[in-house]
Amino acid sequence: MGAAALLAAGALLVAPSAVRSAIPSAHADNCPDVAVTFARGTDEPAGLGHVGQALVDSLRQDTGKNIDGYGVNYRATLLQIHGNDGAKDAIKHIKDVADKCPNTPQVLGGYSQGASVVDIVTGTQIGGVGWGSSLDPKYANNIIAVTTFGNPADRSGGTIAAQSAMFGAKAIDFCNPEDPICHAGAGNQWSGHTEGYVPVYTSQAASFVQTRLLSVLPPTVPSAPLGVPPGPLGVPPGPLGTPPGPALGPPPGPVEPGPSVVDQTQPAVFH
């Protein structure tokens, strides 16, 4: 497992019920609850690819929400010369979703060659070289999580989490220790790349995304009001520096009832 995955594995367990209740339902304008843009690996059929589909399926199962999955449209050939085309398509889709549904949290991901597409979108250099079209910084806040699997950048300069100023804090990278595409050590085998990410790593990535969702959503329980709590039996304390009136019996003179907690707070609203 890659370094980022090792550090995060212990914090990736999120109760599905917590996310189910926290993520709002889709709006009347047909905006999804969460929009996932995913770039497939080399030679996979058009669409999300097997890793991207497993990630989206896991998110749908765990949250019970409307998760839109968009497969980046590019030629994922063995020559790997169309990565920038994929980056342009991913950027266009991210912008389209942000313009139509500005309050929909977005997730960006990629596997293998698709991870290199995500490197371009996030402006991450590979081997000290950056190329292609990166996402306009004004859309960076629309992306709440970035996850890559089998990223070739692991072997030549570092992950998005290590390199990207805009996305590093919300990115996670998964490298199967048997995957020769991202792992330079011993014990590599091709099946570690083609079969090594579903379902263990995709489930961990889904949990990471859910953690990120909970971190950006507004609180659903109002905080207690600030100030001095009421005195015994609901009677407010006396002036600052003096003790409250007797616990039994009313204090001298007329008494205005103190405001209740409900009167002082309003529940948070998700927009």
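Since this is a predicted model, take the numbers as computed values, not measurements.

Engineer: I tried to follow the nonpolar core on my own but got confused; where do I start?
Structural biologist: With 25 residues, the main nonpolar core has Val36, Phe38, Leu59, Val107, Phe149, Phe174 and Tyr197 as its most contacted residues. Looking at this core, the elements that each hand over two or more residues are strand 1 (34-39), helix 3 (49-63), strand 3 (106-111), strand 4 (143-149), strand 5 (171-174) and helix 8 (200-216). A per-element tally of this core places helix 8 first, with six residues. If near-sequence neighbours (up to four positions away) are discounted, valine 36 is found in contact with Val56, Leu59, Ile67, Asp68, Gly69, Tyr70 and Val107. Grouped together as the second largest cluster of nonpolar side chains are 22 residues, Val117, Ile120, Val121 and Ile143 included.

Engineer: I tried to follow the pairing of strand 4 on my own but got confused; where do I start?
Structural biologist: On a regular strand, one side chain projects to one face of the sheet and the next to the other, so that they alternate. The buried fraction of strand 4 is high, at seven of seven residues. In this sheet, strand 4 lies alongside strand 3 in parallel orientation, the contact comprising six bridges. Considered in strand 4, the bridge of leucine 108 is made with valine 146. Here four bridges tie strand 4 to strand 5, and the two strands are oriented parallel to one another. Each bridged residue has a counterpart across the sheet, and for phenylalanine 149 the counterpart in strand 5 is phenylalanine 174.

Engineer: What am I meant to see in the state of the cysteines here?
Structural biologist: When the sulfur atoms of two cysteines share a covalent bond, that bond is a disulfide. One pass over the full model with this rule turns up two disulfides. For cysteine 31, the disulfide goes to cysteine 101, at an S-S distance of 2.0 Å. Its S-S torsion of about -85° marks the bond between cysteine 31 and cysteine 101 as left-handed, since a negative value means left-handed. With cysteine 31 in the loop between helix 2 (16-22) and strand 1 and cysteine 101 in the loop between helix 4 (83-100) and strand 3, the pair connects residues that are 70 residues apart, well separated along the chain. Just as cysteine 31 is buried, cysteine 101 falls in that class too. A sulfur-sulfur distance of 2.1 Å marks the disulfide that ties cysteine 175 to cysteine 182. Classification of the bridge connecting cysteine 175 and cysteine 182 rests on its S-S torsion, roughly 95°, and on that basis the disulfide is right-handed. Judged by its relative accessible area of 4%, cysteine 175 is buried. The class for cysteine 182 is buried, based on a relative accessible area of 5%.

Engineer: How should I be thinking about the layout of surface pockets in this particular structure?
Structural biologist: Gaps left between atoms are located by rolling a probe of water-molecule size over the structure's atoms. Here the second largest pocket is characterised by a volume of approximately 200 Å³. The wall of the second largest pocket is formed by 14 residues, among which Thr42, Tyr111, Ser112, Trp190 and His193 lie closest to the centre. Of the residues in the lining of the second largest pocket, the class split is five nonpolar, eight polar and one charged.

Engineer: Teacher, can you tell me more about the pattern of salt bridges here?
Structural biologist: Scanning the model with the defined rule gives two salt bridges in all. Its salt-bridge partner being aspartate 57, residue arginine 60 comes within 4.0 Å of it at the nearest N-O pair. Here arginine 60 pairs with aspartate 57, and both are found in helix 3, just three residues apart, close to one helical turn. The shortest N-O distance in the salt bridge between lysine 92 and aspartate 96 comes to 2.9 Å. With a gap of four residues between them, lysine 92 and aspartate 96 both fall in helix 4, about one helical turn apart.

What counts and what doesn't
- Residues numbered from 1 in each chain as written.
- Predicted model: local features only at pLDDT ≥ 70, side-chain atom pairs only at ≥ 80, totals over all residues.
- Heavy atoms only, no water.
- Core = buried A, V, L, I, M, F, W, Y, C linked by side-chain atoms within 4.5 Å.
- Buried < 20%, exposed > 50% of the residue type's maximum accessible area, 1.4 Å probe, protein only.
- Helix = DSSP H or I, 4+ residues; strand = E, 2+ residues; numbered from the N terminus.
- Contact = heavy atoms within 4.5 Å.
- Pairing = 2+ DSSP bridges.
- Disulfide = S-S within 2.5 Å.
- 1 Å grid on protein atoms, 1.4 Å probe; cavity = no way out; pocket = protein on both sides within 12 Å on 5 of 7 lines; lining within 4 Å.
- Points joined across faces, edges and corners; volume = space filled by probe spheres on them.
- Nonpolar A, V, L, I, M, F, W, Y, C, P; charged D, E, K, R; others polar.
- Salt bridge = Lys/Arg side-chain N within 4 Å of Asp/Glu carboxyl O.

Just distances and angles here, no functional claims.
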